[in-house]
Amino acid sequence: MAVDAAGTRERFRSAIERRDRAAVDSLLAPDVVLHSPIIGSAPFEGRQAVGDVLGAVLATFDDIRYTAEGEADEGELEVLVFRARVRRVDIETVDLVRVDDDGLIREFTVVIRPMAGLAAVAVALGPHIARGPVRSVLVRVFATPLAVLLRIVDPLVPRLIRLRG
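It should be emphasised that the depicted structure is a prediction, and the values quoted were computed from it without experimental measurement. (Residues numbered from 1 in each chain as written. Predicted model: local features only at pLDDT ≥ 70, side-chain atom pairs only at ≥ 80, totals over all residues. Heavy atoms only, no water.)

A. Structural view of helix α1 (residues 5-18). Taking 1.5 Å per residue, 14 residues should reach 20 Å; α1 reaches 20 Å between its end C-alpha atoms and fits that length. Within the span of α1, buried status applies to Ala5, Gly7, Thr8, Arg9, Phe12, Ala15 and Ile16. On its buried side, α1 packs onto α2 (21-26), α3 (47-60), β3 (62-72), β4 (77-86), β5 (89-99) and β6 (105-113). With its phi angle positive at about 55°, Arg19 sits one or two positions after the end of α1. (Helix = DSSP H or I, 4+ residues; strand = E, 2+ residues; numbered from the N terminus. Expected span 1.5 Å × (residues − 1). Buried < 20%, exposed > 50% of the residue type's maximum accessible area, 1.4 Å probe, protein only. Contact = heavy atoms within 4.5 Å.)

This is the structure we're talking about:
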């Protein structure tokens, strides 16, 4: 019997839209791995750690609106695209999801744009997902100036870059 990965994707989307942490957690495999755009060197591993990250997303992202979804790689990869606001910055996120034979999410990769939005996400989520109170403070201390700088520079960049036609 084939796994209904698209069904898992749809249930995940619905759980996020309802902000239902328990439903989100129920779709995660025990050994799920999340590749974060904030922390490139080490993924989050396990249902608890990934559930905590997604719970922080539910707590800090405003106005989550899915704009596209589907499958890629001959059904091996589920794709969800949404827009949201984080700390008054608009972001667009692409979630690449792989589902295991039990219909649970086993791998989750997140891509966020624009860079100013990624910095805002780092400031908003960093303290929630940092391992320990000292690291939480350090994440905020280092990420906040970057977020401010990128928010100032973001509207200027198109004026500074001369596009070739």
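Now that the structure has been shown, the text picks up again.
B. Region of interest: the sheet that holds strand β1 (residues 28-35). If you walk across this open sheet you meet the six strands as β2-β1-β6-β5-β4-β3, and the pairing is mixed. Single-partner strands in this sheet number two, and they are β2 (44-45) and β3. Relative to β6, β1 runs parallel, the two being bridged by four bridges. Its bridge partner being in β6, Val33 is matched across the sheet by Glu107. The sheet contacts of α1 involve β3, β4, β5 and β6, and relative to β3 the element is tilted by about 175°. Most of the contacts of helix α4 (residues 115-129) go to β5, to which it runs at about 70°, and overall it touches β2, β4, β5 and β6. (Pairing = 2+ DSSP bridges. Axes fitted to C-alpha atoms, helices over the stretch in contact; angles between N-to-C directions.)

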